[in-house]
Structures are given as structure tokens and as C-alpha cells.
Amino acid sequence: MSKSLQAIRGMNDILPEQTPLWRYFEGTVARLLDNYGYRQIRMPIVEFTELFKRSIGEVTDIVEKEMYTFDDRNGDSLTLRPEGTAACVRAVLEHGITGGGQVQKLWYIGPMFRHERPQKGRYRQFHQIGLEVFNLDGPDIDAELIVMTWRLWGELGLRDAVKLELNSLGTSESRGRYREALVEFLSAHLDKLDEDSQRRLKTNPLRVLDTKNADTQAVLVDAPKMADYLDDESRAHFEGLKARLDAVGIPYVINPKLVRGLDYYSKTVFEWVTDKLGAQGTVCAGGRYDGLVEQMGGKPTPGVGFAMGIERLVLMLEALDKVPEELARQVDVYLCAFGEAAELAALALSERVRDQLPNLRLQINAGAGSFKSQFKKADKSGALYALILGDDELAQQVVGFKPLRGQGEQQSIAWDALAAHLATCVVQG
Ligand code: ATP
Ligand code: MG
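Presented here is an overview of the structure given in this document.

## A closer look at the overall build of the protein
No. 1: The number of helices and strands found in the protein is 15 helices and 16 strands.
No. 2: Against the 2.2 N^0.38 benchmark of 22 Å for 429 residues, the protein shows a C-alpha radius of gyration of 28 Å, more extended than a compact globule.
No. 3: Seen along its three principal axes, the alpha-carbon backbone of the protein occupies a region of about 90 × 55 × 45 Å.
No. 4: Across the 429 residues that make up the protein, the buried fraction comes to 51%.
No. 5: In the protein, once contacts between residues fewer than 6 apart in sequence are set aside, the share between residues at least 24 apart is 70%.
No. 6: Surface accessibility of the protein: about 21,200 Å² in total, with carbon and sulfur atoms responsible for 49%.
No. 7: Of the charged side chains in the protein, 52 are positive and 61 negative; the average position of the first set lies 2 Å away from that of the second.

Okay, here's the thing in C-alpha cells:
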């Protein structure tokens, strides 16, 4: 096939068979966020490249090697967003909606772009639902974020399959002191570090903790621990968060090596991880970034947020057989019309029924095809009932009503009584 007829590697079509599950997932999250008082914000997909360099940090995987960057026709360097936080911060600053300490609880959904090696659960265009809270600095709000996701896992049936990992990176001062200690320690073991870690030691030393290299991991066993460098404020914050998680009964493990890829985190960082997806185990990740807004040119504004990867969660729902059964059925009633006159009557009748039952999922099939072949289609559609309208029914102003699932004889229903009859037998969501 010619290359232009293929999707770009790592960028996927989400086919009609898959969209019901996506919409179920997205709808569940949206309802939950509404209920907790979060409001949706929609940012453009493209921003100035500089925005991401400045907020994410030059020495990160994303900025160093994953961004889709191109020149606009007027020479501006633009980038397809690799994540949502930078654009969200840009938007609240541009519109002044966090000024004067105004609290904002915002969420967004949409595609993100990173030039990574595509594999299961890792794509070049992927989708996130993310959330950012501004101007709340206490551990209560960090806890709320986690409690909300815990509720989400509950609603989706995923609680047993995810684990919460927590860490505190401290304030930037305490992290600075820790970084010095870490650099000193690692420098003394330089020859035992893998190449990547040697490079990171100079550019972004905390990320050495993230290494997958076994030899480097062995060195890290004796490395200084962030927990020993936390100042009182960070320690109290972390304790406050843990107390709230304990109060709700949410299990967690402290992972001192959890540092997150992005530069801007402080105090709380967390990840929800699963062992059901192979290597791509993080389904939701976030933390506090009290210094970011100021770093981007705004007034000091505490912030905390997370992002979850929709593809990975959809994969999990499938892998764990948590796809609700009712998603398999997208049609309630399938109306077959035979003949031109009957077809016109069927259209008018179906519109009358829709007036009365706006949530009814009614599909009309008219035109060519034998009785038998139309019936096959009706059955394949997953509909619960077929309606039949041919010349005989037209003459009597009735429709044939036939249950497609389970038992039940075909009966005749008068047009005027059809909506009321359907209301009794189709449970509407
Ligand atoms: P990873 O360690 O898996 O690369 P990350 O730290 O780069 O993840 P974040 O930037 O924190 O990821 O993004 C939040 C979430 O978005 C991730 O936990 C994951 O669920 C999802 N995600 C990130 N990158 C991808 C990708 N390339 N394809 C699919 N989902 C992704
Ligand atoms: Mg990544």
C-alpha cells in the first residue's frame, strides 16, 4: 500500500468497535470530575516550542528527544504538545484566572505527541486526561487528587490491579541539598554508572534514581535518601497526605526512587502502576509543582496535578475483562421497511417515536434486500427488537414487533401505541 495511505507510525485510528469503550471511560472520568467540582479547559494542540522547553526543562527526555517540532510559515518554532501542564499554565496566566490567589480546579482531555519507540501502551500520538489545581498548597488537595482516582478505579473495577507509589521530593531548597549529596556520592562511584547515568549526573542527577540499569541500581542501594533531607515543611506535608490516605483506607507504598521525568515537581509525587500491561506500567502520574508558575513568569502560585494515559487504561479494561456488557449493544431497535411507500411511513413513524423517546437508539434500514437479509442485519446490529413495516403493515397502520434476543412471538403494534410499547420494553440509559 502506498505510504500516504498508512497512518503515521505510532499514531492510531480508534475504530468504531473501540470507541464505545473510549467513550465509556471518558464519560466516567468526566462525570467524576464534575462531581468533585473540577471544570474543563481546552487548550490548543500546538504551542510555541519555547513554552515546553521552559516549563518541562531542557534536560528531559521529552525536550531532548521526543518533541514534534516544526517551523510555522512565518518562521516561529512550534511544537505539538507532549503534555498538558505547560499549556494549561500558559492559559491560566494569559487569562489571569489564577491572579490574587484565585483557586482553579481544571481538567483537560486530548491527544499528546511524543516521538518515542512505539510498542504496546506507548504511542507517538496518545491521549491523556489531565488535571491541574492552582493556589491550594496543602496536603488535603494532593489527597483529593489521589482519592478521586481511587474512586475512579473503583467505578471501573480496576482497584485490585493498580498500586499507588508515593514519594516526596521536598521543597526546592531541600531538594537542592539532596542533589548535592547525591552528586557527591555518585561522583565517587562514577566508573560503576552506566553511560546514560553518567550523563544525567551532570545534567539532571535526580533522574539517575530512575535508571533501569542493574549495575547502577546496585550502586544506588547505598546512595543518600531524599527522605533524610526533607525539611520540616515538606515532612509535615507528606505526613498530612499519608494521614488522609490512611483515613480513606487507600493503600500505598513509598518509593524513594520515584522522581518523575519532568523537572518541575516538588513535594508530593505519585504514580498509579499496574503489572497487567508489561513494561508500560504507569497509568496515572502526577505531583506538586509549586515553583512552576513562577518559573514560567507568573506570580508564585502553588500547583498540583496529574495525567492519566487513556490508551493504557483502555488496554487494562480489556485485559481484565472489565468492559461493561451493555457496550456490546449500541442499537435498541432496528426498523426494517420494505417498499417505497412503507419506507416513507417508517421515516415519519420513527421521527414520531424519537420525539417521545429521545434516548431510544433506533436504526432504520430501508431499501433493497430480502426480508431474510434485512433480518440478518437487524440481528447483527445487536438490537433487542426488530420492527417490520411492509405493504400489509402500512395498510393497517401497524408495525410487526419481533424480539430478537430470547423468546417471544412477533406481534402487531399500532403506530399510535408504538412509543408507549417501546418505553415498557427498552430500558433506557
Ligand atoms: P513513561 O514512564 O511510561 O514514559 P511518563 O513519565 O513519560 O511515562 P507522563 O509524562 O507522566 O508519562 O504522562 C502521564 C501518563 O501518560 C503516563 O503515566 C502514561 O499513562 C501516559 N503516557 C505517557 N507517554 C505515553 C505514550 N507515549 N503512549 C501512551 N501513553 C503515554
Ligand atoms: Mg515517557
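## Points about the site of ligand 1
No. 1: Inspection of the region around ligand 1 gives 15 residues, with Arg114, Glu116, Arg122, Arg260 and Thr282 positioned closest.
No. 2: For ligand 1, an oxygen atom lies 2.9 Å from a polar atom in the backbone of Thr282.
No. 3: In the complex, the protein chains occlude 86% of the 580 Å² of accessible area that ligand 1 would expose alone.
No. 4: Those elements giving two or more residues to the shell around ligand 1 turn out to be β6 (125-134), β10 (282-288) and β11 (303-309).
No. 5: Per element, the largest residue contribution to the shell around ligand 1 is four residues, and it comes from β10.

## Concerning helix α5 (residues 139-156)
No. 1: Across its 18 residues, α5 extends 26 Å between first and last C-alpha, which sits within 8% of the 26 Å expected from 1.5 Å per residue.
No. 2: Burial of α5 is extensive: 13 of the 18 residues sit out of reach of the surface.

## Points about the side chain of Asn255
No. 1: Here Asn255 is to be found in the loop between β8 (253-254) and β9 (266-273).
No. 2: At a separation of 2.8 Å, a polar atom in the side chain of Asn255 contacts the side chain of Glu165.
No. 3: With sequence-adjacent residues up to four places away left out, Asn255 is seen in contact with Glu165, Leu166 and Asn167.

## Describing the nonpolar core
No. 1: The biggest cluster of nonpolar side chains holds 45 residues, and the ones touching the most others in it are Trp153, Trp272 and Met308.
No. 2: Per-element accounting of this core gives the leading share, 10 residues, to α5.
No. 3: Judged by nonpolar contacts, the second largest core, of 44 residues, contains Val92, Leu169, Tyr178 and Tyr264.

## Observations concerning the sheet that holds strand β12 (residues 333-337)
No. 1: Read from one edge of the open sheet, five strands run β13-β12-β14-β15-β16, paired in mixed fashion. Either end of the sheet is taken by a strand with one partner, and the two such strands are β13 (362-365) and β16 (411-414). Between one strand and the next, the sheet's axes are offset by a mean angle of 30°, whatever the strand orientation.
No. 2: Examined bridge by bridge, β12 and strand β14 (residues 385-389) share five bridges and lie parallel to one another. When the sheet's bridge partners are listed, Cys336 is paired in β14 with Ile388.
No. 3: This element, helix α12 (residues 340-356), spans β12, β13, β14 and β15 (398-403) of the sheet and lies at about 175° to β13.

What counts, and at which threshold
Residues numbered from 1 in each chain as written. Chains lettered and ligands numbered in written order. Predicted model: local features only at pLDDT ≥ 70, side-chain atom pairs only at ≥ 80, totals over all residues. Heavy atoms only, no water. Helix = DSSP H or I, 4+ residues; strand = E, 2+ residues; numbered from the N terminus. Rg over C-alpha atoms; globule rule 2.2 N^0.38 Å. Buried < 20%, exposed > 50% of the residue type's maximum accessible area, 1.4 Å probe, protein only. Contact = heavy atoms within 4.5 Å. Areas by Shrake-Rupley, 256 points an atom, 1.4 Å probe, with all protein chains shown as cover. Lys, Arg positive; Asp, Glu negative; His and termini not counted. Charge placed at Lys NZ, Arg CZ, Asp CG, Glu CD. Near = heavy atom within 4 Å. Polar contact = N/O pair within 3.5 Å; in protein donor to acceptor, adjacent residues only side chain to side chain. Expected span 1.5 Å × (residues − 1). Core = buried A, V, L, I, M, F, W, Y, C linked by side-chain atoms within 4.5 Å. Pairing = 2+ DSSP bridges. Axes fitted to C-alpha atoms, helices over the stretch in contact; angles between N-to-C directions.

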